[in-house]
Amino acid sequence: MTQIKKKILIIGAGFGGLQVIKTLANNQLFEITVVDKKNHHLFQPLLYQVATAVLSPADIAIPSRSITTKYKNVKILLGDVTEIDFKNRIVKFQNNSETYDYLILATGARTSYFGNNSWKEKTLGLKNLKDALAIRRRILLSFEQAELIGDYEKAKSFMHYVIIGGGPTGVELAGSIAELSHNIIRKDFRNIDSGMTKVTLIEAGPRLLAAFSEKSSAFTKKKLESRGVEVLTSSPVLDITETGVVLNDRTIESKTVIWAAGVEGSELAKNLPLNKDKANRIIVDEYCRTTEYPEVFVIGDAANYGKGLTRPLPGISPVAMQQGRYVAKIIESLEKKKSISPFHYFDKGNMATIGRTDAVAEFGKIKLKGIFGWLGWLFVHLVYQVGFKNKVSTLLSWVWSYLTFRAGSRLIQEEMDELSVRP
């Protein structure tokens, strides 16, 4: 007698969703369906390098279908989920629907403006490839606009980049933009000196990289400043206007403001009738299940996992990956009538790159900085890249950029009449 396979439906093919897929690949107990509104798996930690023209999108993304080609029990569907009927276990999307026995929400997060939603129209976030390409376009276009103006005093608002948020994303963006403008493209223009570009990093808290040690934070600030980045800590943003950023003691004029200060649960998570925190992350129990429906699991950035912890787990890729593997094994154990144990996160540390040959990395008591931190950061990011081609192309791009001080993806895709270049 043929055994009826249980249906697992995964929404989202990010780090967490992908680990569920890999763990249960070709498992005869399950039929897995993945619904994602993107057709690719994205290596988000390197988005900032696409945004600053070091890498191209194909270097950090791979089609989801190519990952699952050999997994006969996995089906990929491109769609944006609009409704979930938890009572009848039905997920609806693009005029289609799928039923499930187990549902895994791995929908990730989106940029949060802490209630100041009007700021969204005046800033650029960085959560996906579209965001990264928008930032890249704005940065490259700003130099073209400054070159047309030809006078620094008149063009300085185009050559001033403000990043709000002193976490890893903000630090990495600030260092990379400074490196791009002060070194990589400095000889490419005739009417302006891109070395006069100003980069300002604003953090509301007392120091950068709050999740790191004070020594790592101080080292990061020192290295950013040595690269020409102005670092403002204890500086909460009061307002963002069409012309710049308003702080307590000053107004900073800038045409390019990048928001890297916070995230919240996805739009789907926000609209679901489930118990959520203030950031719209779904609160889960010690087994990564929702409190309302035991067959519904939530992992990664979409989940608030705080059982037995002083604070919920952070929205970083190692958490999502470990939760993905855990939930896959839990579901398998449930089907085999085995006992299950609560999820325990193994903290592998934190890392952030500051710029060429400089990074900070903390692995428990081991703390690396400078070139050793950068090598550790390079190794970890290559190991976690998905797909052999991505690892090779990323490594070659990095090596070429490192040796030549060049950035290989400096393309503005739109034609000139669509750009409104003239000031």
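Residues numbered from 1 in each chain as written. Predicted model: local features only at pLDDT ≥ 70, side-chain atom pairs only at ≥ 80, totals over all residues. Heavy atoms only, no water.

## With respect to the sheet that holds strand E13 (residues 229-232)
And step 1. Strand order in the open sheet formed by four strands is E13-E12-E11-E17, with parallel pairing between adjacent strands. Of all the strands in the sheet, just E13 and strand E17 (256-259) have a single pairing partner and so form its edges. The mean angle between the axes of side-by-side strands here comes to 20°, regardless of whether they run parallel or antiparallel.
And step 2. Relative to strand E12 (residues 198-202), strand E11 (residues 160-164) is paired through five bridges, and the arrangement is parallel. (Pairing = 2+ DSSP bridges. Helix = DSSP H or I, 4+ residues; strand = E, 2+ residues; numbered from the N terminus. Axes fitted to C-alpha atoms, helices over the stretch in contact; angles between N-to-C directions.)

## Observations concerning a positive patch on the surface
And step 1. Judged by side-chain charge, Lys215, Lys222, Lys367 and Lys369 come together as a positively charged surface patch.
And step 2. Contributions of two or more residues to the positive patch are made by helix H8 (214-226) and strand E24 (366-369).
And step 3. Take lysine 222: it is sitting in helix H8.
And step 4. Exposure remark for lysine 222: the relative accessible area of 61% places this residue in the exposed category. (Patch = residues over 30% accessible without salt bridge, like charges linked within 9 Å, V, L, I, M, F, W, Y side chains within 5 Å. Areas by Shrake-Rupley, 256 points an atom, 1.4 Å probe, with all protein chains shown as cover. Salt bridge = Lys/Arg side-chain N within 4 Å of Asp/Glu carboxyl O. Lys, Arg positive; Asp, Glu negative; His and termini not counted. Charge placed at Lys NZ, Arg CZ, Asp CG, Glu CD. Buried < 20%, exposed > 50% of the residue type's maximum accessible area, 1.4 Å probe, protein only.)

## Re the pairing of E13
And step 1. Of the pairings in the sheet, the one linking E12 to E13 comprises four bridges and is parallel in character. From the neighbouring strand, threonine 200 faces E13, where its bridge partner is glutamate 230.
And step 2. Regarding the hand of the β-α-β motif, the stretch spanning E12, H8 and E13 is right-handed. (Right-handed = clockwise from strand over helix to strand, strands pointing away.)

## Some points on the packing of helix H1 (residues 15-23) against helix H10 (residues 317-335)
And step 1. Interaxial distance between H1 and H10 falls to 7 Å at its minimum, and their mutual angle equals 35°. As H1 packs across H10, the resulting crossing turns out to be right-handed. Between H1, through Phe15, Gly16, Gln19, Val20 and Thr23, and H10, the contact on the second element is made entirely by Ser317, Ala320, Met321, Gly324, Arg325, Ala328 and Lys329.
And step 2. Looking at the contact of H1 with H10 residue by residue, the classes come out as five nonpolar, five polar and two charged. (Left-handed = near helix turned anticlockwise from the far one by under 90°. Contact = heavy atoms within 4.5 Å. Nonpolar A, V, L, I, M, F, W, Y, C, P; charged D, E, K, R; others polar.)

## A look at unusual backbone geometry
And step 1. A positive phi is found at phenylalanine 114, a non-glycine position, where the angle reads about 50°.
And step 2. If you trace the backbone, phenylalanine 114 turns up in the loop between strand E10 (109-111) and helix H5 (129-149).
And step 3. With a relative accessible area of 55%, phenylalanine 114 lands in the exposed category.
And step 4. Backbone geometry places asparagine 280, a non-glycine residue, at a positive phi of 65°.

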